[in-house]
Each structure stands twice: as C-alpha cells, then as structure tokens.
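Coordinate analysis (summary)
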Amino acid sequence: MSSLRHIIFREWNTRVRRKAFIYGTLAIPLLLMAVMGVTAWLEQSQTQSSKVLVVDVAGMVSRWDNQLEAWIPICPECFPERTSVSYRFALESMSDEAFLASDIDIMVVFDDAILQHHKAQYFFDKVPPIELESIVENDLSSAIERFKVQEMMALDYEAYKRLKTDVSLTGRDIITRDGHALGRSIVGFFFSLFLFMQILIYGMHVMRGVIEEKANRIVEVVISIVQPSQLMAGKVIGIGLVGLTQFALLTILTIVLVQGGAALMESMGWLTPSADASISLDFKSWMAGQSAWSFLLDVNWGLMLFCTALFYAGGFALYAASFAAIGAAVDQESDAQYFLLPVMIPLLASYILAILAIENPEGTLAVVGSFVPFTAPVMMLIRIPLGVPWWEVALSLGGVFFTAWLMLRIAGRVYRVGILMHGKRPNWRELYRWMTYHS
Amino acid sequence: MQSSFALNIQGVVKSFRDHQALKDVDMKVREGTVFGLLGPNGAGKTTLIRMLTGITAPDKGQIEFYGSRLKREHIAQIGYLPEERGLYKGMRVGEQALYFARLRGLGKADAEARLRMWFEKLEVEGWWNREVADLSKGMAQKVQFIISVMHEPRLLILDEPFSGFDPINAQRVREAVLELNREKNMTVLLSTHDMGSVEELCGEVALLNRGEVVLSGDVQEMRNQARDGRIVVGFRGTVMAFTVAIGASAELLEVRSSDSVGHTHEVLLRLPTDTDVAKWLHWISGHVEILSCSPWQPTMRDIFIETVENREKETA
C-alpha cells in the first residue's frame, strides 16, 4: 500500500510541477474568456455594418419626405433603428455597378405583387448573415401587413394590433420551477465537454507514460519491486489526480474571477440600471434581472462539481485502464493508433450523443446514454442540472465504477505481459492470449 | 535451521507459447558467494532472473530463497540491476533514487543517508540535484547500480552490470560488489558475458545453453578439469618438423604464436590422460629444441566457447 502511495505521488508530482501544467491551467479560463470576448466582438462588429436598401417600387411602405429630401418608411415602428441593421428606402433599384460601389449590404426589391405571393427578392455582393435575413423578413412583413390592414381593408391599424394575438409557450419544470431547460442542459454540456477532454487528455498521458517506462526499460526495475498491477493502478490514480487537481484549480480560479469581476462591476457602478441611476444593484440582483442568465443562479453548482469529480474518477479509471493496456502492448506511440480506435469510439460517441442530448436532455437517448457505463460519465452530467433522482445518479455511478474495476482487471492482465514484451506489435488474438495468460 | 544456499532452484521449467525457455533447470547458489550465471544470448538467463525477481513464475519446479519457497515478500530482500535499464527522464537524480528507496520501504531519512553515502562512494554526489537527462551513460549506470544496492539486499542480481562503463568506473563498481559481498555477506548473482569479471569475481558459475544448465561448479575446479591433458609448449624449429617429431604421442591443437625471426613457436597440445609429462618432455627434447612447457590454463572464455560449441555439435 505504501508503494502504491509513492507511485501515485510520483505520477502526480512530476506532472503538476511542470510549467506546461501550471501555465495551461492558468491559461484555460483566460483563453475561454478571450474566445468568448472575441466571438462577441466579431459578432457585434459584423451586425453593426449591415445596411439594407428597401426598393419599394409600388410605394407601399415608404414615402418621400420633403424636409429630409429622402424616402422614409410610412410606418417607422415597422423598421426600427437597430445597432445591427439600418434601412434606406428608394423607389428604383440600383444598377449592379452602383450597388457594388455603394456601402449597401443588401438590396430588397419588391412591387405590389408581394401582396399576392408574399415574396421579395434581395441582392447582395457578400452573403449576409442568416439573422439579417430573418430581421428584414420580419420588418417587411410588419410593414406589408400594415399596408394591407390600412390601405386595402381600410381598418384602423392600432385597433388591429390590439386584436392581433400571438401566443407563445413558456415551459416550467414542475420540480425545479424553472423555465430554462435549455440553458441548464448547456451548463451540463459544458461540464460534459470538460470531462470528455480531461479523460481524453489524461488518458493519453497514461498511455504515453507507460510507453516511456517501457521504452527506457525502467519498468523492469520497478516491477521487480512492486507488482505490475500496483504500478498500473498507481499510474492511473496518479495521473487521474492530476486531472482532478486541474479541475479543482480551475474551479477556484473561476470562483475568484467571477467574484472579482462581480466586485469590480459593483464598485464601478456598471450594474446600475440606466433608467434609475439612484439604484445600485449587487451582482446577484443584477444577474436575477437578466432573463437570459438568471437561471445560472438556480444551478446547484456544488452538486455539479461534486458529480463531475465523481464521474471523472470513474470514467477516467474506465478509459485510462484501456490506455495503459495499449501503452503496454506497443513500443512506440505510432503503433498505438491501431489499438486506439476501439477505445476512442465509445468516448467520441458519448461526446456526439451529448451534443444531440442538449436539446432533449430528458429524452430516451440522454436517459439511456446516462446509464451505459462507457457513455454515462459524459451523458449524465447533461441531465444533472435539470434534476435527476439521486438513485439514478447512484445507479449510473455504480455502473461506471463497476465497469472501471472490470476494465482495470482486464487491462491489468494485458499490461502485466505487455510491458516486458518488445519487438513486433501484437495482434488482437495475442492480446486476448495475454489476458488469459498466467504468469 | 537456516539454509546455506541463498538460492535452490529445482526442476524449473518455463515455456512461452511453443518455445521452451527453461528446461528442468537445477541450480544452487551458496550463501555469501558471487555466483556467475553464464550463457549465450537466448540461453534463458533473463527468463530465470525474472523468476528470481518475481516478475514471472515458473510453469513447473520450485525456487527456494534462503531455505523457504520464494514468495513476493522475499522480493524486498533482493536487489536487481537488469541488463536493459533506464531512469525516469523528468526527475532529478537524487529525487529518483529516493523514490526507489521509498518503494523499497526505506524511511525518508534513512534512505537519504544511505544514498548520500553511495553517491559519495561512487563519486556522483554532485549530481544529486541535476536532471536525469543531463547524466552521461556511465553516470546513469552508477545511479542505477546504487538503486539496486542501497537497501542492502541479501541477494543482489546483476545482469551485465559493467557494460557501458569505462575501465576505471567498471573497476570501481567491481570493487563495490566485492565489498558488499565481503562485508555484508551479500550473495551476488552475476550474469555477464564479460569473462574477465567472472574470473575476478565469481567463485562458482553455471552455464546455461538453450534453457539447460550445461556446466556448473567451482571456477577453479572447472578450469582444472577443462585442461583435459592440454599443455603449452614453446620450441625452436619448424612446426612441420615438430608435428613429425611428436607423431601420435600428442595432438597438436593450435599454434598460439610464432616468431619467424628466431624460428620459435608456441603450441597447444593434448597429451593422452595417462601420459607422464616429464618423460614425454625428455623424449621430445631429443628431437626438438624445447624452450618452455606449462600446463594450459583455460580461461572462462575458453570454457564457455568450448562447452557451447560442443553442445551445439551434439545437438546437430
């Protein structure tokens, strides 16, 4: 037991003190923030520059304004000013040359036929974003609708608007009393993705570690002191703990960054509502007021972190055992590709299934996937933020740990023989023989 | 009662698929001796050593360690330096040696004290805090040697321990092995192809060939037996004349050296076992000018080659 402790410590210690680990761990939240910031900035800068020319040949939605000496919308509220879209109006379309020379992004052309077939054509030199198309469709639909109501039906448009009814559905989970199922499953997916990456990255560490020990022949000295099963277990646990350490550090770092950011926002008065400067909000109250993010306050983060750690432990042991066996079976990393595929398939499948499960986290796919031991670590984490009975989590965890134990035993048999074998890469039949070999 | 044998190997058999690596091997290693395990490549030495270190187990037969059946708990009393050895690259030298000491069950302070002593003894003390990757091959070999002996095992198994060393460092390690053997009564099992080391260090040897013990016993006795009536004779004249002179009284095995200026030669002869060497010398002196005559002293290398070649001929 004492030897196992030393092996675990060596595996953990030699990795966590590496500069790559320290800088990598520090860089992850900063990189994530940078990626999110750059994405938001790119999105914003992209939508700001969309200029739309509405060519209203029949003069149904625009009129000439003498003061401005320009065509303006008859119904300004139908074409509201947005940061992402700005409209101009004309009665005649531009020539291709003039369009290309102008700063217009898209030119929408229609005549009174639109009243019949509800279609308008638009021209562009660069493919516009999909959301721009839907904004213009909505705005133009409102304007045409107004034209129909007022000019063709001779009705009062304001009265029509009051009569018009759009029903929208809002969901509410009967247990969590929350309506942000999608948001919650995205939170779950974030944890799943993290777990998937940790298993993959540190699983590969296990494989490389075994190959290194085998290649530089130190393994013979070690297994003359401890049993191969102890060495393998020590390696799996030690490297698994490196992943857990990184998880813990990232959690602490995220808490510090969020709390620091919240304190900064509070002290700088950035959370004050523009409508009433006298009200000063704290971060929690401000978040509660953000309809898109308020559900984050209701997520049981402690439970998520605890379950992620548990599923990581089981899932990592399950996959790392196979990675260790592969490492023992080959002399160099390039030979490992042949054996990696069958191990990677269930892991990659769990990731793909997790993406599919985001939109239906309580569907059959997600539920079944969260009980199959090879996909459960990644899949169950998507369901947990939505509220899963404890016994389901326990059953899933039990399955993962039992399968991990089984895999460790099977892999241990391959490992025990493989680490002393050099030369030709074994085939599957030989691996099976190693599993049944009695030393 | 304590056994006087450190190792008593009886009828050990080991097969790998269709290849029998060890065939009914019997071997006894006396306590406190330096025992040479010899054999050509592929003879089964490494397989046998791996059994002694608990890495693998025999299919048949039994191994006794100081009188009791070899078990996992005995492994702590064995030190092993494998032929193909390495060190962890991402660690410091001292840290790595301490890691192995802790794996062996030594306490931190005790381990560090022992290691410092050994580092000083083998002149690697300046490397304690250096990265393993910075070590030369010889330095790495010394560290590996220290790792195998620091816990003062009862049995030390050394597989090609001197390969990679320059003559000075090889001698330093040889002396360290002898010192451990003498002062700590440590039994040493030395597997090597370096026959000079065998002659210098080993009291007894066993020669393995194709998984079988083909020769074993005391080195000096073995060398005496291996003479087989062979003598080395120096004479002046021609080899042809000498061959004619000895006729059927002796068998000319080898012309070992010739001096064409002084017309002197040294030859290896085999005399029939019942020959009186003094009488034979007197008789041959009447025909050829004899300059010297001495019993042939076979080296372990000679014995090794002759035994293996004879065995191969028999098998063929």
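Here the structure is a predicted model, which is why all the values come from computation and not from measurement.

We now examine the environment of B:Ala109. Residue and element names in this part refer to chain B. Position of alanine 109 among the secondary structure elements: in helix 3 (residues 108-121). According to the C-beta neighbour criterion, alanine 109 is exposed, with 8 such atoms within 10 Å. Along the primary structure alanine 109 and glutamate 254 are separated by 145 residues, whereas in three dimensions their C-alpha atoms are 60 Å apart.

Before going further, it helps to spend a moment on the sheet that holds strand 2 (residues 19-30) of chain B. All names here are of chain B. What the four strands build is an open sheet, ordered 2-1-4-5; its pairing is antiparallel. Edge positions in the open sheet fall to strand 2 and strand 5 (68-69), since each of these has one partner strand only. Looking at chain direction, strand 1 (residues 5-16) and strand 4 (residues 60-65) are connected through five bridges and run antiparallel. Each bridged residue has a counterpart across the sheet, and for glutamine 10 the counterpart in strand 4 is glutamine 62.

So, on to the domain arrangement of chain B. Each domain of chain B was delimited in the assignment, giving domain 1 (5-224) and domain 2 (230-295). Between the C-alpha centres of domain 1 of chain B and domain 2 of chain B the distance comes to 44 Å.

Often, the extent of an interface is quoted as the loss of accessible area on bringing the components together. If you check the domain split of chain A, you get domain 1 (49-163) and domain 2 (179-436). Here domain 1 of chain A and domain 2 of chain A have C-alpha centroids that lie 51 Å from each other.

Given 3.6 residues per helical turn, the α-helix brings residues three or four places apart onto the same face. Residues and elements named next belong to chain A. Relative to the 36 Å expected for 25 residues at 1.5 Å per residue, helix 12 (residues 333-357) spans 34 Å between its end C-alpha atoms, a close match to the ideal helical length. At phenylalanine 339, helix 12 shows its maximal kink, close to 55 degrees; a proline, proline 342, follows between one and four residues later. Regarding helix 12, the residues found buried are Ala336, Phe339, Val343, Leu347, Ser350, Tyr351, Leu353, Ala354 and Ala357.

What follows concerns the sheet that holds strand 6 (residues 121-124) of chain A. Residues and elements named next belong to chain A. Pairing within the open sheet is mixed, and its four strands lie in the order 4-1-5-6. The sheet terminates laterally at strand 4 (85-90) and strand 6, the two strands that pair on one side only. Direction aside, the axes of adjacent strands within the sheet are offset by 25 degrees on average. Bridge count for strand 1 (residues 50-56) against strand 5 (residues 106-110) is five bridges, and the pairing is parallel.

With that settled, the discussion passes to the pairing of strand 10 (residues 212-218) of chain B. All names here are of chain B. Relative to strand 10, strand 9 (residues 204-209) runs antiparallel, the two sharing six bridges. Looking at the pairing, leucine 207 lines up with leucine 215 of strand 10. Where strand 9 folds back onto strand 10 in an antiparallel hairpin, the turn is made up of two residues, including arginine 210, whose phi is positive at roughly 50 degrees.

Counting residues in each nonpolar core, the largest one holds 142 residues, and the members touching the most others are A:Ala320, A:Ala321, A:Ala324 and B:Ile146. With 16 residues, helix 11 (residues 301-329) of chain A is the largest single contributor of residues to this core. Setting aside residues up to four positions removed in sequence, A:Ala324 forms contacts with A:Val206, A:Met207, A:Val210, A:Met232, A:Lys235, A:Val236, A:Ala411 and A:Tyr415. Core analysis: the next-biggest nonpolar cluster, separate from the first, contains 22 residues, A:Trp71, A:Ile114, A:Ile135 and A:Val136 among them.

Across chain B, the average pLDDT comes to 88, with 99% of residues at or above 70. The complex model carries a pTM of 0.75, and its ipTM stands at 0.77.

Turning next to the interface of chain A and chain B. On the chain B side, the residues contacting the 16 residues of chain A number 21 residues. Elements supplying a minimum of two residues to the side of chain A that touches chain B: helix 1 (2-16) and helix 8 (218-223) of chain A. Take the side of chain A that touches chain B: its biggest share by element is five residues, from helix 1 of chain A. In terms of residue class, the side of chain A that touches chain B is made up of six nonpolar, seven polar and three charged.

To continue, consider the packing of helix 2 (residues 93-103) of chain B against helix 4 (residues 137-149) of chain B. All names here are of chain B. Their axes nearest at 9 Å, the elements helix 2 and helix 4 cross at an angle of 25 degrees. Of the possible angle classes, the one that applies to helix 2 and helix 4 is roughly parallel. In terms of crossing hand, the pair formed by helix 2 and helix 4 is right-handed. Of helix 4, the residues touching helix 2 (which contributes Val93, Ala97 and Phe100) are Val143, Ile146 and Ile147. Residue composition of the contact of helix 2 with helix 4, by class: six nonpolar, no polar and no charged.

What counts, and where the lines are drawn
Residues numbered from 1 in each chain as written. Chains lettered and ligands numbered in written order. Predicted model: local features only at pLDDT ≥ 70, side-chain atom pairs only at ≥ 80, totals over all residues. Helix = DSSP H or I, 4+ residues; strand = E, 2+ residues; numbered from the N terminus. Buried ≥ 20, exposed ≤ 12 C-beta atoms within 10 Å, placed from the backbone. Pairing = 2+ DSSP bridges. Domains from an automatic or database assignment. Expected span 1.5 Å × (residues − 1). Bend = angle between axes of the 7 residues up to and from the residue. Axes fitted to C-alpha atoms, helices over the stretch in contact; angles between N-to-C directions. Core = buried A, V, L, I, M, F, W, Y, C linked by C-beta atoms within 7 Å. Contact = placed C-beta atoms within 7 Å. pLDDT = per-residue confidence, 0-100. Nonpolar A, V, L, I, M, F, W, Y, C, P; charged D, E, K, R; others polar. Parallel < 35°, antiparallel > 145°, perpendicular 65-115°, else oblique. Left-handed = near helix turned anticlockwise from the far one by under 90°.

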